There are 2 protein chains.
Amino acid sequence: MMSEVVVGIDIGGTYTKLGFVGRTGKLFEHQRILTNKYVAIEDYIIDLAETIEAMSARANHPPILGIGIGAPNANAYNGTIEAAPNLKWKGIIPLVALLKKYYDLPIVLVNDANAAALGEMYYGGAKAMQDFIMITLGTGLGGGIISNGQLIQGYNSFAGEIGHTIVNVNGRRCGCGRKGCLETYVSATGIKRTVYKFLADSLQESALRAMSFNQLTPKMIGEAAKAKDKIAIKAFEYTGRILGIKLADSAVYTNPQAIFLFGGLVKAGAYLLKPTIKAFKKNLIPILKEKIAIRVSELQEQNPAILGSAGLVWDKLSPGNSK
Amino acid sequence: MMSEVVVGIDIGGTYTKLGFVGRTGKLFEHQRILTNKYVAIEDYIIDLAETIEAMSARANHPPILGIGIGAPNANAYNGTIEAAPNLKWKGIIPLVALLKKYYDLPIVLVNDANAAALGEMYYGGAKAMQDFIMITLGTGLGGGIISNGQLIQGYNSFAGEIGHTIVNVNGRRCGCGRKGCLETYVSATGIKRTVYKFLADSLQESALRAMSFNQLTPKMIGEAAKAKDKIAIKAFEYTGRILGIKLADSAVYTNPQAIFLFGGLVKAGAYLLKPTIKAFKKNLIPILKEKIAIRVSELQEQNPAILGSAGLVWDKLSPGNSK
């Protein structure tokens, strides 16, 4: 008999990534489609379903037991996406209801960074943990908090939005409408803004002066740092210091055993991690000193949101077995 | 038959407050002893036990079913108090083990502000809530976080120390050894420091210029505010603004249904609450706008730490019944 699978879906601003996930977290038949190509959510759902069918055909039609979805601004309680700044669909999108028209299966929707935290818990470095925090560093900064072995979603399902804690009330303009949110400093976009600030403030020569803001990527900044570019190194130090200070705040909220970092920025390795850990240790409440590890996600080369949202479905189908 | 009781104990830096708590949260036979009179923890335990015996005699020896204790820097997992800055007993104090020598009963120890959160959940304004935060404003600022209907204690039992989130890394010196913690601004001591800063910076006349730092109390500042003292009013505005901004951070961590405020500072009413709510609303992530209430504790005239720690014992004796 063919192995049963759950479809895991990670909806991002640019791409939607899909995969079939086996009971033990094996990911196969992954595929991606453009998210923002679709102005009408109905057209997107049609293509999403067609993509799942094509994947299913290639995999010889394994039994699909459910669908898990991670998405920005997901309301897990209502199965909706609400006013997501990076998506074209405005207002409240009843994603689960729309997909239910095509699939009479268990469908769960969770916030994308929450899904990533679940991925780390089911299949990554947090398998043995009851209390940890996952930080995803992409275009923005996402957070997923696990306490008492459970995902913290809160009263309105918007818990864990650590990217929107405030660094400076008079700071950088944020997509959420406020100023100085953590993700305006610590994210792919945040570090680009920092590089540009330093290029503006200083006369330091830098390879990054040849890059337009639109061209610039965290990968380029990482490569410049490796080539000893002072602006690039300073940008990582600035980014890491702010991240470390705010993670010291995170630590006193839920006292995690570890904080996992995931995403493109993490590929810069020590350039980001060293200043992050230094600022974290310096600013951590003494009673927790040496008690909380900052670690790179063990799913860094995979897609924790696909794995986590699919794992949540597996967990609902047979509690405990997927862990 | 006499009503069964649980002993609730609230250990503070100055006083230890005790009471008998019935199954439905009725508090009676309360008493207090000085905490910091005792250099040796063993002497303190003896007097604590004698006080309980005296209370028991006065109440005609009701059956005592257990003891609940709220204390600063409590490690709930180990039954110890660890390096509490405001207590005379240094190092790690095995409080539960010491008390077990006198009482062969269920004894639970939790962080004092966590106990207060449990009190609000069992017997106060959060009876119907699964997700809320309790803020206690005393000498310091304590926090208790309830998510998914459970107390968040974290990996080391030190979760909820919201008073030690950082407002300004170069700010006021904190008892914890760092600088700029929230409680150096928002607490009985914090507002006194703010009054003194304003008295130093300005030439504004103020009744508070007649008070020494040691004499000054939040109650006096509240009375001065009611008498339209500009320094006092400005001190509450400054305090409330910082509290509101940091509570907006709290909101994105665990997305509570409500945040309850308890303690001496809350007695100033609108002088504190108005700037707090204003700054909270202004700085709250838009997706949560109008969704989170800031409320005064319904146990404001009682002792939520006694009620909560006793309630936790009741809950362990017969889950769900105390709620």
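Cut-off values and rules
- Residues numbered from 1 in each chain as written.
- Chains lettered and ligands numbered in written order.
- Predicted model: local features only at pLDDT ≥ 70, side-chain atom pairs only at ≥ 80, totals over all residues.
- Heavy atoms only, no water.
- Helix = DSSP H or I, 4+ residues; strand = E, 2+ residues; numbered from the N terminus.
- Rg over C-alpha atoms; globule rule 2.2 N^0.38 Å.
- Buried < 20%, exposed > 50% of the residue type's maximum accessible area, 1.4 Å probe, protein only.
- Contact = heavy atoms within 4.5 Å.
- Areas by Shrake-Rupley, 256 points an atom, 1.4 Å probe, with all protein chains shown as cover.
- Lys, Arg positive; Asp, Glu negative; His and termini not counted.
- Charge placed at Lys NZ, Arg CZ, Asp CG, Glu CD.
- Axes fitted to C-alpha atoms, helices over the stretch in contact; angles between N-to-C directions.
- Parallel < 35°, antiparallel > 145°, perpendicular 65-115°, else oblique.
- Left-handed = near helix turned anticlockwise from the far one by under 90°.
- Nonpolar A, V, L, I, M, F, W, Y, C, P; charged D, E, K, R; others polar.
- Polar contact = N/O pair within 3.5 Å; in protein donor to acceptor, adjacent residues only side chain to side chain.
- Phe/Tyr/Trp six-rings, centres within 6.5 Å; stacked < 30°, edge-to-face > 60°.
- Lys NZ or Arg CZ within 6 Å of the ring centre and 35° of its normal.
- Least-squares fit on C-alpha atoms with pLDDT ≥ 70 in both.
- Pairing = 2+ DSSP bridges.
- Salt bridge = Lys/Arg side-chain N within 4 Å of Asp/Glu carboxyl O.
- Buried area = accessible area lost by both parts, 1.4 Å probe.

Considering the overall build of chain A
Link 1 in the chain: Across its full length, chain A holds eight helices and 13 strands.
Link 2 in the chain: Its C-alpha atoms give chain A a radius of gyration of 20 Å, near enough to 20 Å, the size a compact globule of 323 residues would have.
Link 3 in the chain: Each of the three principal axes of chain A carries a C-alpha extent, and together these read 60 × 45 × 35 Å.
Link 4 in the chain: Expressed as a percentage of its 323 residues, the buried residues of chain A come to 60%.
Link 5 in the chain: Counting contacts in chain A only where the partners sit at least 6 residues apart, residues at least 24 apart contribute 63% of the total.
Link 6 in the chain: Accessible area of chain A: about 13000 Å², with a carbon and sulfur share of 53%.
Link 7 in the chain: Averaging the positions of the 36 positive and the 25 negative side-chain charges in chain A gives two centres separated by 9 Å.

Topic: the packing of helix H4 (residues 188–201) of chain A against helix H6 (residues 230–254) of chain A
Helices that pack against each other are described as a pair by the angle of their axes relative to one another and the distance between those axes.
All names here are of chain A.
Link 1 in the chain: Viewed as axis vectors pointing N to C, H4 and H6 meet at an angle of 125°, and their least axial separation amounts to 9 Å. Taken together, the axes of H4 and H6 are oblique relative to one another. Read as a crossing pair, H4 and H6 show a hand that is right-handed. Of H6, the residues touching H4 (which contributes Ile191, Thr194, Val195, Lys197, Phe198 and Leu199) are Ile231, Lys234, Ala235, Phe236, Tyr238 and Thr239.
Link 2 in the chain: The residue inventory of the contact of H4 with H6, partitioned by class, reads eight nonpolar, two polar and two charged.

Here we look at the environment of Lys88 of chain A
All names here are of chain A.
Link 1 in the chain: Position of Lys88 among the secondary structure elements: in the loop between strand E6 (80–82) and strand E7 (92–93).
Link 2 in the chain: When the C-alpha positions of Lys88 and Val39 are compared, they lie 6.2 Å apart, and in sequence the two are 49 residues distant.
Link 3 in the chain: The contacts of Lys88, once residues within four sequence positions are left out, are Asn36 and Tyr38.
Link 4 in the chain: Engagement of the side chain of Lys88 in a polar contact is seen with the backbone oxygen of Asn36, the distance being 2.8 Å.

A short note on unusual backbone geometry
Link 1 in the chain: For Lys228 of chain A, which is not a glycine, the phi torsion comes out positive at approximately 65°.
Link 2 in the chain: Summarising the element assignment, Lys228 of chain A is placed in the loop between helix H5 (218–226) and H6.

Concerning the packing of aromatic side chains
Link 1 in the chain: This model, assessed by the stated rule, comprises 17 aromatic pairs over all chains.
Link 2 in the chain: Between the aromatic rings of Tyr196 of chain B and Phe213 of chain B, the centroid separation amounts to 5.2 Å while the plane-to-plane angle is 85°, which identifies the pairing as edge-to-face. Here Tyr196 of chain B is found in helix H4 (residues 188–201), whereas its partner Phe213 of chain B is found in the loop between H4 and helix H5 (218–226), with 17 residues between them in sequence.
Link 3 in the chain: Among the residues examined, Tyr196 of chain B registers a relative accessible area of 28% and is labelled partly exposed.
Link 4 in the chain: Here Phe213 of chain B falls in the partly exposed class, since its relative accessible area comes to 30%.
Link 5 in the chain: Clustering of aromatic rings is evident, with ring pairs tying together Tyr38, Tyr44 and Trp89 of chain A.
Link 6 in the chain: A cation over a ring is seen here: Lys234 of chain A above Phe198 of chain A, with NZ or CZ 4.3 Å from the ring centre.

A look at the packing of H6 of chain A against helix H6 (residues 230–254) of chain B
Link 1 in the chain: At a closest axis distance of 11 Å, the pairing of H6 of chain A and H6 of chain B adopts a crossing angle of 70°. Comparing the axis directions of H6 of chain A and H6 of chain B gives the class roughly perpendicular. When you trace H6 of chain A past H6 of chain B, the crossing you get is right-handed. Residues Lys246, Asp249, Ser250 and Tyr253 of chain A of H6 of chain A lie in contact with H6 of chain B, whose contacting residues are Lys246, Asp249, Ser250 and Tyr253 of chain B.

Notes on the relation of the copies chain A and chain B
Link 1 in the chain: Note on the copies: chain A fits chain B at an RMSD of 0.0 Å, the axial shift is 0.0 Å, and the rotation between them is 180°. Taken together, the rotation angle and the small translation identify this as a two-fold axis. When C-alpha positions in chain A are compared against the rotation axis, the closest is assigned to Tyr253 of chain A, at 3.9 Å.

Digging into the sheet that holds strand E2 (residues 15–21) of chain B
Residue and element names in this part refer to chain B.
Link 1 in the chain: If you walk across this open sheet you meet the five strands as E3-E2-E1-E4-E8, and the pairing is mixed. Edge positions in the sheet fall to strand E3 (27–34) and strand E8 (107–111), since each has one partner strand and no second. Adjacent strand axes in the sheet meet at a mean angle of 15° when their direction is disregarded.
Link 2 in the chain: Sheet topology places strand E1 (residues 5–11) next to strand E4 (residues 64–71); six bridges connect them, and they run parallel. The residue of E4 that forms the bridge with Gly8 is Gly68.
Link 3 in the chain: Here helix H8 (residues 304–317) sits on the sheet in contact with E1, E2, E3, E4 and E8, set at roughly 140° to E1.

Things to note about the pattern of salt bridges
Residue and element names in this part refer to chain B.
Link 1 in the chain: Per the counting criterion, the structure on display carries eight salt bridges over all chains.
Link 2 in the chain: The partner of Glu29 in a salt bridge is Arg58, with the nearest N and O atoms 3.0 Å apart. Of the two residues, Glu29 is situated in strand E3 and Arg58 in helix H1 (residues 41–58); the sequence distance between them amounts to 29 residues.
Link 3 in the chain: According to the relative accessible area criterion, Arg58 is partly exposed, its value standing at 47%.
Link 4 in the chain: With a shortest N-O distance of 3.0 Å, Glu298 and Arg295 are connected by a salt bridge.

Observations concerning the sheet that holds strand E9 (residues 132–137) of chain B
All names here are of chain B.
Link 1 in the chain: Spatially, E11-E10-E9-E12-E13 is the arrangement adopted by the five strands of the open sheet, whose pairing is mixed. With partners counted over all chains shown, the strands left at the sheet margins are strand E11 (150–151) and strand E13 (293–296), one partner each.
Link 2 in the chain: Examined bridge by bridge, E9 and strand E10 (residues 141–147) share six bridges and lie antiparallel to one another. Bridge pairing in E10 places Ile133 opposite Ile145.
Link 3 in the chain: The sheet contacts of helix H7 (residues 270–283) involve E9, strand E12 (258–263) and E13, and relative to E13 the element is tilted by about 165°.

Here we look at the side chain of Ser187 of chain B
Residue and element names in this part refer to chain B.
Link 1 in the chain: In this fold, Ser187 is placed in the loop between E11 and H4.
Link 2 in the chain: Assessed through its relative accessible area of 0%, Ser187 is described here as buried.
Link 3 in the chain: Setting aside chain neighbours within four positions, we find Ser187 in contact with Gly138, Thr139, Gly140, Leu141 and Leu265.

Remarks on the interface of chain A and chain B
Link 1 in the chain: In this complex, chain A contributes 44 residues to the contact, which on the side of chain B involves 44 residues.
Link 2 in the chain: Summed over both sides, the interface between chain A and chain B buries roughly 3800 Å², with carbon and sulfur atoms accounting for 57% of that surface.
Link 3 in the chain: Of all residues in chain A, the largest losses of buried area upon contact with chain B belong to Tyr155, Tyr253 and Ile287 of chain A, amounting jointly to 20% of the total for that side.
Link 4 in the chain: For the pair chain A and chain B, the interface holds two salt bridges.
Link 5 in the chain: Across the salt bridge formed by Lys246 of chain B and Asp249 of chain A, the nearest N and O atoms sit 3.0 Å from each other.
Link 6 in the chain: Remark: the boundary between chain A and chain B carries 22 residue pairs in polar contact (both at pLDDT 80 or more).
Link 7 in the chain: Elements with a minimum of two residues in the side of chain A that touches chain B: strand E10 (141–147), strand E11 (150–151), H6 and helix H7 (270–283) of chain A.
Link 8 in the chain: Considering each element in turn, the side of chain A that touches chain B owes the most residues, eight residues, to H6 of chain A.
Link 9 in the chain: Each residue belonging to the side of chain A that touches chain B can be placed in one class, and the counts come to 19 nonpolar, 16 polar and nine charged.

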